[in-house]
Amino acid sequence: MPLPLPAVARPVSTDGGTDRYEIVQRETSAEILPGLRTPLWTYGGSFPGPTIEARRGRPVTVTHRNELPVPTVVHLHGGRTPADSDGYPTDLVLPAAWPQTPQTMPGMPGMPGMDGAGGHGGGTGTGMTDPRAVTSRLRRDYTFPNDQRPTLLWYHDHRMDFTAPALWRGLAGLHIVRDDAEDALGLPAGPHEIPLMITDRAFTADGALTYPSLDPALRDRPGVTEPHLAGVLGDVVLVNGAPWPVHETDAARHRLRLLNASNARHYELEARTEDGRRLDLVQIGADQGLLAAPVTHRSLPIAPAERYDLVVDFAAAPVGSLVRIVNRLGTGRTRDVMAFRIARPAPADDSRIPPRLATDLPDWRREDAVRTRDFAFRAGRMNGGHGWLIGGRPFDPARTDVTVPLGDTEIWRLIADVHHPVHLHLVGFRILTRGGRPPLPHDAGLKDTVSLRPGESAEIITRFDGYRGRYLFHCHNAEHEDMGMMANLEVV
Ligand code: C2O
Ligand code: CU
Ligand code: CU
């Protein structure tokens, strides 16, 4: 299959300094596997959804209309977003036919006196409602100031207890922030800049997605069947929604904007030529934008929700040959990701990789931190069953786990039992140490997701800047997230 490039969304208006978009969340089906139709939940009828192209400092308002059969929540991952547009998991957009009162809402334990607010499903089982939830019916406007470093962000569903299956069904899209300084660097652009959203999925013989939900309607009972408690993996690798695609291009430098949007799968990527060489993966950016200087990798681990901005020079591959992107962590077909067919020599390639990329990276030092916090990401018991916990507790929207005064710098020490990609909303952070040692080469730059390996600890440092309000931090293994591994971060 050829590599699809997600369509760029067209604004419905650009008046008053704001770009306005409308996205309808709806069911559709698409030909993902040749000759078969796959039912999907989509943003705007496609998977991935339409890409939002934004300029730094120019706000975007997206009106999302929910025509799906269940409530949804939109979160812009990596966005520096005011809390009311950040997609808190109980700030639901209800579909037209969803019952109004909490007593009759599917998944609601029924708490008299609570007013139409979102609540907690039965599976994580804490049984409380969230008095601060702001639900709406059918539609909601999300405003993104884009007042942040240019980078690749992504938007995805964030409904409490049901994020993982909603992502799996297709609720994910890209959102790119650019600015003049980045445009002036001379990086590969136009057809030589390619977003790659990598996901794994599993299918039935007739082309439907399979996902081991306890409640396939995603209404009442969250969670997955026993064998999948560690996270759901697929055996088909999709890039931009196509299985193992091949992209035909010329022998020029390419800027590859990588996102691992898989629920639980980790990859370790290499670019291999047919004669067995590994091409340099020159990293120019991390989750939260450009690095100070490029870092060259031969292989690159990428955890769920992480992004890497890479330049790969296909001039090193013979015209007519294939460059395969392979996953060293895969087995069988999940070792393959995609390939580039180098179809022709490059017209004069005037792109470049400047030795100095960004000069605006925050250089928080240890002594800037006014406090240090510790968080353990571990398996545990929750509601009489298996859960994934932070600091021994499952997510509870009614509890504030962390309160930070706006503007404070803090060090967080994170420790994991098994693999946990830990994500903070609102802020970017720097990795100070990993496993008690200096960070790894791919930890460079400003991150919003850090991949903790089994048994590993990491220290991160950040300044809680931007907006006051209720945010989150959580594991981005989407099944872990749904099974409790999320906590509240209140900026005051
Ligand atoms: Cu990708 Cu809480 O987000
Ligand atoms: Cu996020
Ligand atoms: Cu996890």
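The model shown is predicted, which means the values in this text are computed figures rather than measured ones.

1. A few points about the overall build of the protein
Stage number 1. Secondary structure assignment for the protein yields 3 helices and 33 strands.
Stage number 2. In terms of its C-alpha atoms, the protein occupies a principal-axis envelope of roughly 70 × 60 × 50 Å.
Stage number 3. Across the 492 residues that make up the protein, the buried fraction comes to 60%.
Stage number 4. Partitioning the contacts of the protein with sequence separation of at least 6, the portion at a separation of at least 24 is 76%.
Stage number 5. Of the roughly 18000 Å² that the protein leaves accessible, carbon and sulfur atoms contribute 51%.

2. Description of the coordination of the copper ion (ligand 3)
Stage number 1. At 2.0 to 2.1 Å from the copper ion (ligand 3) lie its protein donor atoms, namely His420 (ND1), Cys475 (SG) and His480 (ND1).
Stage number 2. All donors of the copper ion (ligand 3) belong to a single chain; written as a sequence motif, their spacing is H-x54-C-x4-H. Placement of the pair is histidine 420 in strand β28 (residues 420-424) and cysteine 475 in strand β32 (residues 469-475), with a sequence separation of 55 residues. Taken as a pair, histidine 420 and cysteine 475 share a single burial class, namely buried.

3. A word on the side chain of glutamate 456
Stage number 1. When you line up the elements, glutamate 456 lands in the loop between β30 (449-452) and β31 (457-463).
Stage number 2. Assessed through its relative accessible area of 10%, glutamate 456 is described here as buried.
Stage number 3. A polar atom in the side chain of glutamate 456 sits 2.8 Å from the side chain of arginine 453.
Stage number 4. Dropping the residues within four chain positions of it, glutamate 456 is found in contact with Leu414, Ile415, Ala416, Arg434, Gly435 and Ser451.

4. Here's the deal with the domain arrangement of the protein
Stage number 1. Split into domains, the protein comes out as domain 1 (15-179), domain 2 (191-344) and domain 3 (366-491).
Stage number 2. Once you take the C-alpha centre of each, domain 1 and domain 3 turn out to be 22 Å apart.
Stage number 3. Contact between domain 1 and domain 3 buries roughly 2500 Å² in total, counting both sides, with carbon and sulfur atoms accounting for 56%.
Stage number 4. In this assembly, domain 1 and domain 3 are joined by 2 salt bridges.
Stage number 5. For the pair domain 1 and domain 3, the interface holds 19 residue pairs in polar contact (both at pLDDT 80 or more).
Stage number 6. Those elements giving two or more residues to the side of domain 1 that touches domain 3 turn out to be β5 (74-77), β9 (151-157) and α1 (163-169).
Stage number 7. The residue inventory of the side of domain 1 that touches domain 3, partitioned by class, reads 13 nonpolar, 16 polar and 8 charged.

5. Digging into the packing of aromatic side chains
Stage number 1. Using the criterion set out here, one finds 9 aromatic pairs in the structure.
Stage number 2. On the numbers, 4.7 Å between centres and 40° between planes, the contact of phenylalanine 314 with phenylalanine 340 is tilted. With a gap of 26 residues between them, phenylalanine 314 in the loop between β21 (307-313) and β22 (322-327) and phenylalanine 340 in strand β23 (residues 336-344) connect regions that are remote in the sequence. There is no split in this pair, since phenylalanine 314 and phenylalanine 340 are both buried.
Stage number 3. Each member of the aromatic cluster is reached from another via a ring pair, and the members are Phe375, Trp412, Phe464 and Phe473.
Stage number 4. Its guanidinium or amino end placed over the ring of tyrosine 142, arginine 140 lies 5.6 Å from that ring's centre, counting from NZ or CZ.
Stage number 5. Across from the ring centre of tyrosine 88, 3.6 Å away, lies the NZ or CZ of arginine 470, which sits over that ring.

Reading guide: rules and limits
Residues numbered from 1 in each chain as written. Chains lettered and ligands numbered in written order. Predicted model: local features only at pLDDT ≥ 70, side-chain atom pairs only at ≥ 80, totals over all residues. Heavy atoms only, no water. Helix = DSSP H or I, 4+ residues; strand = E, 2+ residues; numbered from the N terminus. Buried < 20%, exposed > 50% of the residue type's maximum accessible area, 1.4 Å probe, protein only. Contact = heavy atoms within 4.5 Å. Areas by Shrake-Rupley, 256 points an atom, 1.4 Å probe, with all protein chains shown as cover. Donors = N, O, S within 2.8 Å, 3.2 Å for Na, K, Ca; no water. Polar contact = N/O pair within 3.5 Å; in protein donor to acceptor, adjacent residues only side chain to side chain. Domains from an automatic or database assignment. Buried area = accessible area lost by both parts, 1.4 Å probe. Salt bridge = Lys/Arg side-chain N within 4 Å of Asp/Glu carboxyl O. Nonpolar A, V, L, I, M, F, W, Y, C, P; charged D, E, K, R; others polar. Phe/Tyr/Trp six-rings, centres within 6.5 Å; stacked < 30°, edge-to-face > 60°. Lys NZ or Arg CZ within 6 Å of the ring centre and 35° of its normal.

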